[in-house]
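Chain and residue survey
What follows is each chain in one-letter form.
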Amino acid sequence: TPCGARLHVAQDSDHAERVTLEPKSSAMAVIAPVHRTQRGLRWAAIGIEEMLNAGGAVESVRTDTDSPVIQVRGYGTLVLFCSALPTKVSMNGKLADWKHEDTPAKADGFVVRVMVAQSASQGSSEVQLAFG
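These notes cover the structure that comes with them. What you are looking at is a predicted structure, and each value in this text was computed from that prediction instead of being measured.

Tracing the backbone shows H35 in strand β1 (residues 35-36). Look at H35 and you get buried, because its relative accessible area is 17%. The residues contacting H35, other than those within four sequence positions of it, are L41, R42, W43, V61 and T63.

As for its position among the elements, V69 is in strand β4 (residues 69-73). In this structure the C-alpha to C-alpha distance between V69 and A45, which are 24 residues apart in sequence, comes to 9.8 Å. If near-sequence neighbours (up to four positions away) are discounted, V69 is found in contact with S60, V61, R62, E126, V127 and Q128.

What follows is about the pairing of strand β3 (residues 58-62). Two strands pair when backbone bridges link them, and β3 and β4 are joined in this way by four bridges, in the antiparallel orientation. For V58, the partnering residue across the bridge sits in β4 and is V72.

Here five strands make up an open sheet; going across it, the order is β3-β4-β10-β6-β7 and the pairing antiparallel. Pairing within the sheet leaves two strands with one partner each, and these edge strands are β3 and β7 (94-95).

Considering the arrangement of structural elements, one finds I48 in strand β2 (residues 42-48). Residue classification places I48 among the buried residues on the basis of a relative accessible area of 0%. In the structure, I48 is positioned 26 residues away from G74 in sequence and 7.8 Å away in space, judged by C-alpha atoms. When residues no more than four places from it in sequence are discounted, the contact partners of I48 are A54, A57, R73, G74, Y75, G76, T77 and L78.

Conventions we followed
- Residues numbered from 1 in each chain as written.
- Predicted model: local features only at pLDDT ≥ 70, side-chain atom pairs only at ≥ 80, totals over all residues.
- Heavy atoms only, no water.
- Helix = DSSP H or I, 4+ residues; strand = E, 2+ residues; numbered from the N terminus.
- Buried < 20%, exposed > 50% of the residue type's maximum accessible area, 1.4 Å probe, protein only.
- Contact = heavy atoms within 4.5 Å.
- Pairing = 2+ DSSP bridges.

Encoded structure:
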């Protein structure tokens, strides 16, 4: 993970995460809601990794289906958490390249990365996940 980044998925909304910083150091945090598909799969749109305000790239999410849709502004690597791997990822209606990595055991899922090309980001891009 870039720059020592780590993923923590809270199991409930009452969870608190303790963060300790060394003197004269700093850290950025992105807090993203974890959604559930109709089949109970969990996923979260974390944001575009290369942006200072990564979560600010997520304009909207549509969660009323088993194929979530994420509207993002900007370009770079869109980072998602998914409790199961998607069977297909599309961007603006076309198949998209993506990769994944296992998350730490307590997160129980995968980090999915989708490249949002600069040419595709004229305004915003629509990323859709399909779960088999």
